[in-house]
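Each chain, letter by letter, is given below.
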Amino acid sequence: MTSRAALPPQSPPVSFQLLDLLMGSWRAGVVSTFAELGVADALSAGDLSPAQLAVRLGLERDIAGRFFRAGTAVGLMQQTGDNTLALTELGRALATDDDDSMRNFARWAGSTAERATWAHLPTAVRTGRSPFAAMHGSGVWEFLDSNPDTAAVFNSAMTELSKRIIRPVVEAFDFSPFASVTDVGGGRGALLSAVLQQYPGMTGVLFDQPDVVSRAYPELSEAGVADRVTVKGGSFFDSVPAGSDLYLVSNVLHDWDDTRSRLIFKNIAAAMHRGAHLAVVEAVAGLDDLADRAISLMDMDMLVLCEGKQRTVGEFRSLMAEVGIELVGVTRAGLQSVVQGKKTA
């Protein structure tokens, strides 16, 4: 009896592959709605039947059943043997109190401010300008200032993301040569707190908008570093506090175009003494194909929202050189990288 050679696996038709890509926004919509409705919170205490879950969440029963089927299809929940619904690992990460929670980021991704603006990506690509103001009546930062509910979701989303970023950065980058660090645009001090916890001999300055740093004390106190941090309010478009050995700027520059980023670099450089170092934490484009799958989409998000961009090492080198900072190294830290510079002039 002769054996037949195994047939190679067949790829789906190209039209099906494109359909799957296009349905990505639909899957994201299910995830965002799952987070907005609080489905994971409702299931955290135990499995429920679809009818029980619909009642718990105050949803129309028949439509809820269809939505739960979609949530199962995208991997957020699963049906158990006794016809109840249980969270998967992915679904649990959409619960408010989960250690890996991304609930608020999912809610932000589904907000009108974020998702509806993406519908105008063609305009942004044609013009190089963010469509946000034309859609919403103001730029994204002004919009958040005047829409506190959306701003609360956005700020919580950024906090969730920062928690995913902080540990890899602290573990990958060697802060030990520096006695003092200024975190420029450091929010409420999550990254600075983690650095100071890891390096107990270091002192820090937390610098951000006055209304932001005014709420930083609880975070600094809980981390046990408040007595080693000087909190200063201001705008990095005006000036930056002087005197530290290291200047840290994390996930700030991608929010701004080159003109505004040059001004930020200029003000940081003016605060640095000769020989001081700069550490820029960003998702750097062009380092490897796997990371670029995510970073290229992040780049489009920055374009759509605020005309910002994810930069390459070469682009950071050029911006630093304009203000007398020499790029001296790049340290990978998960999806993020730390681009290190030294003031030479």
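Structure's up top.
Residues numbered from 1 in each chain as written. Predicted model: local features only at pLDDT ≥ 70, side-chain atom pairs only at ≥ 80, totals over all residues. Heavy atoms only, no water.

A. Region of interest: the overall build of the chain. Of regular secondary structure, the chain possesses 18 helices and nine strands. Expressed along its principal axes, the backbone C-alpha trace of the chain runs to roughly 75 × 55 × 50 Å. Looking at the chain as a whole, 44% of its 345 residues are labelled buried. Taking the intrachain contacts of the chain between residues at least 6 apart in sequence as the baseline, contacts between residues at least 24 apart amount to 65%. Roughly 18,000 Å² of accessible area belongs to the chain as shown, and the carbon and sulfur atoms make up 54% of that amount. Distance from the positive charge centre (30 side chains) to the negative charge centre (40 side chains) of the chain: 3 Å. (Helix = DSSP H or I, 4+ residues; strand = E, 2+ residues; numbered from the N terminus. Buried < 20%, exposed > 50% of the residue type's maximum accessible area, 1.4 Å probe, protein only. Contact = heavy atoms within 4.5 Å. Areas by Shrake-Rupley, 256 points an atom, 1.4 Å probe, with all protein chains shown as cover. Lys, Arg positive; Asp, Glu negative; His and termini not counted. Charge placed at Lys NZ, Arg CZ, Asp CG, Glu CD.)

B. Quick look at the pairing of strand E7 (residues 277-282). With six of six residues buried, E7 lies mostly within the body of the structure. The pairing of strand E6 (residues 246-250) with E7 spans five bridges and is parallel. Following the sheet pairing, Leu-248 is matched in E7 by Ala-279. Following the backbone out of E6, through helix H16 (residues 258-271) and into the adjacent parallel E7, one traces a crossover that is right-handed. Relative to strand E9 (residues 336-343), E7 runs antiparallel, the two sharing six bridges. Paired with Ala-279 across the two strands is Gln-340, which belongs to E9. (Pairing = 2+ DSSP bridges. Right-handed = clockwise from strand over helix to strand, strands pointing away.)

C. Summary view of the pattern of salt bridges. Across all of its chains, the model carries nine salt bridges by this definition. Residue Arg-129 pairs with Glu-307 through a salt bridge whose shortest N-O separation is 2.9 Å. Note that Arg-129 is positioned in the loop between helix H9 (121-127) and helix H10 (132-136) and Glu-307 in the loop between helix H17 (289-306) and helix H18 (313-321), a separation of 178 residues in sequence. Given a relative accessible area of 52%, Arg-129 falls into the exposed group. (Salt bridge = Lys/Arg side-chain N within 4 Å of Asp/Glu carboxyl O.)

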